[in-house]
Amino acid sequence: MIIKPKVRGFICTTAHPQGCAENVKEQIAYVEQHKSGKEGPKNVLVIGCSNGYGLASRITSAFGFGANTLGVMFEKEPTERRAASAGWYNTRAFEIAAQEKGLFAKSLNADAFSNEAKESVIAEIKENMGQVDLVVYSLGAPRRKDPNSGEVYSSTLKPIGEAVTRKNLNTDTRVVSDLTLEPASEEEIANTVKVMGGEDWEMWMDALAQADVLAPGVITTSYTYIGRELTWPIYGGATIGKAKEDLDRAAKAISKKLEAEKGGKAYVSVLKALVTQSSSAIPVMPLYISALYKVMKENGTHEGCIEQIFGLLDDQLYGQSELNLDDVGRIRMEDNELKDDVQQKVAEIWAQVNTENLDEITDFSGYQAEFFRLFGFGFDSVDYDADVDPVV
Ligand code: NAD
């Protein structure tokens, strides 16, 4: 089968197995080049392991610290006639590379919100890992089925209080125009918190604790984005921001139990904005990220998922230096993004940008290239005209 990118709105519906493997290989190479030989996690569970920040967490754990990893993902398997989703290919490539290194690496393709996924993970840990000492919670999901009531909740990306009009980029048509988002209802806010808030993270940690598969000193982290003025009305101060605030509540609750029972700790880690399948679906973010990339690449401070997560594990969670915590106790990894001069330059671009000057004053070409790489497209070493077996 010849596999080419097929973009529909903000998603690419195809993925290239060899390109995805290249993407994973590059991240492994980064970690192997930078690893410091520090003691780190030994047995790691990554919930949302197949793309973006979760995949980078798994790669860093395995290749930076020699950890065994168990992953949970929600991906489309390949058939003879249809390519798999990118996360499925990423995971296969990761597993092969980890197993070649003699590391245990297994992945469960299941709905992480379900009780069944939690039960299967616990059985797997008991059988193959004993206990886990790091749990990364990195889900980016649009909906959640409550495992007890069976009710399905959908998240909404809307402002709170009043309508917001912001410049927006349609990444498909490359048109920049004003987008007005109407405010969310109370129900929409509550539903978004139900999907993207901390409840499921707590349920995971409770289930793992009850099954006695958490090692002494266990660390758990979930990921968030906060941002500043430019994105606040549609992210930090919006429905998704409310859900993310709930992670702070959950982190406190989880920490309280972990400290008492295991001498462990839960953190919310704040990461920078970058292109992933989840962020490309958030209105306004692709334009913000295109402008941000322009500024941070010029400053020499640009980072992708693997740089951010390697820094989080190597410098922060398992580093010798003091944690870079804010007043809420979150680990801050996005200082360079939020610096006044960076935000000021992004705001200047923001004020001027339109459909005509998009390529000139932002790094939309860099955004797009990175977007296609998420699906395994755009790697020089891959022949995209060659026949490839989608089933790997
Ligand atoms: P992503 O879309 O790249 O990955 C999401 C992962 O979740 C995938 O592995 C997917 O398989 C998994 N997943 C989704 N639904 C699932 C389900 N029901 N069951 C099991 N697995 C499921 O997302 P990402 O951008 O890496 O986001 C991960 C976390 O990082 C999120 O909490 C996000 O808010 C946060 N974050 C993202 C950014 C950003 O700019 N992308 C910035 C800061 C923080």
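Residues numbered from 1 in each chain as written. Predicted model: local features only at pLDDT ≥ 70, side-chain atom pairs only at ≥ 80, totals over all residues. Heavy atoms only, no water.

## Section: the site of the ligand
Close contacts around the ligand come from 30 residues, with Ser50, Glu75, Ala112, Thr276 and Ser278 the closest. Note that an oxygen atom of the ligand is positioned 3.0 Å from one of the backbone N or O atoms of leucine 274. A distance of 2.6 Å separates an oxygen atom of the ligand from a polar atom in the side chain of threonine 276. Secondary-structure elements contributing two or more residues to the shell around the ligand are α2 (52-65) and β11 (214-224). Class assignment of the residues belonging to the shell around the ligand gives a composition of 15 nonpolar, 11 polar and 4 charged. (Near = heavy atom within 4 Å. Polar contact = N/O pair within 3.5 Å; in protein donor to acceptor, adjacent residues only side chain to side chain. Helix = DSSP H or I, 4+ residues; strand = E, 2+ residues; numbered from the N terminus. Nonpolar A, V, L, I, M, F, W, Y, C, P; charged D, E, K, R; others polar.)

## Thoughts on the nonpolar core
Counting residues in hydrophobic clusters, the biggest one holds 87 residues, and the most contacted among them are Ile59, Phe63 and Tyr288. Look past the residues within four positions of tyrosine 288 in its chain and what remains in contact with it is Tyr225, Leu230, Thr231, Ala273, Glu337, Gln343, Val346 and Trp350. Counting 34 residues, the second-largest nonpolar core is a separate cluster that includes Leu45, Ile47, Leu208 and Val268. (Core = buried A, V, L, I, M, F, W, Y, C linked by side-chain atoms within 4.5 Å. Buried < 20%, exposed > 50% of the residue type's maximum accessible area, 1.4 Å probe, protein only. Contact = heavy atoms within 4.5 Å.)

## Remarks on the packing of helix α4 (residues 115-128) against helix α6 (residues 199-210)
It is at 10 Å that the axes of α4 and α6 come closest, and there the two elements cross at 40 degrees. In terms of orientation, α4 and α6 fall into the oblique class. The two elements α4 and α6 cross, and the hand of that crossing is right-handed. Two secondary-structure elements touch here, α4 through Ala117, Lys118, Val121, Ile122 and Ile125 and α6 through Asp200, Met203, Trp204, Ala207 and Leu208. When grouped by side-chain class, the residues that make up the contact of α4 with α6 number 8 nonpolar, no polar and 2 charged. (Axes fitted to C-alpha atoms, helices over the stretch in contact; angles between N-to-C directions. Parallel < 35°, antiparallel > 145°, perpendicular 65-115°, else oblique. Left-handed = near helix turned anticlockwise from the far one by under 90°.)

## Brief notes about the sheet that holds strand β3 (residues 43-47)
The 7 strands are arranged β5-β4-β3-β6-β11-β12-β13 in an open sheet whose pairing can be described as parallel. Each edge of the open sheet carries a strand with a single partner, namely β5 (105-109) and β13 (331-332). Pairing of strand β12 (residues 265-270) with β13, which is carried by 2 bridges, proceeds in the parallel orientation. Following the sheet pairing, serine 269 is matched in β13 by isoleucine 331. On top of the sheet, helix α3 (residues 86-100) reaches β4 (68-73) and β5; it is set at about 160 degrees to β5, its chief contact. (Pairing = 2+ DSSP bridges.)

## Here's the deal with the UniProt feature "domain: Trans-2-enoyl-CoA reductase-like NAD(P)H binding" (unreviewed entry) in the protein
Per the UniProt annotation, the sites labelled "domain: Trans-2-enoyl-CoA reductase-like NAD(P)H binding" (unreviewed entry) are residues 2-80. Between the end C-alpha atoms of residues 2-80 there is a gap of 12 Å, over a span that is 41% helix and 19% strand. (UniProt positions renumbered as here; feature names shortened; annotations may be inferred.)

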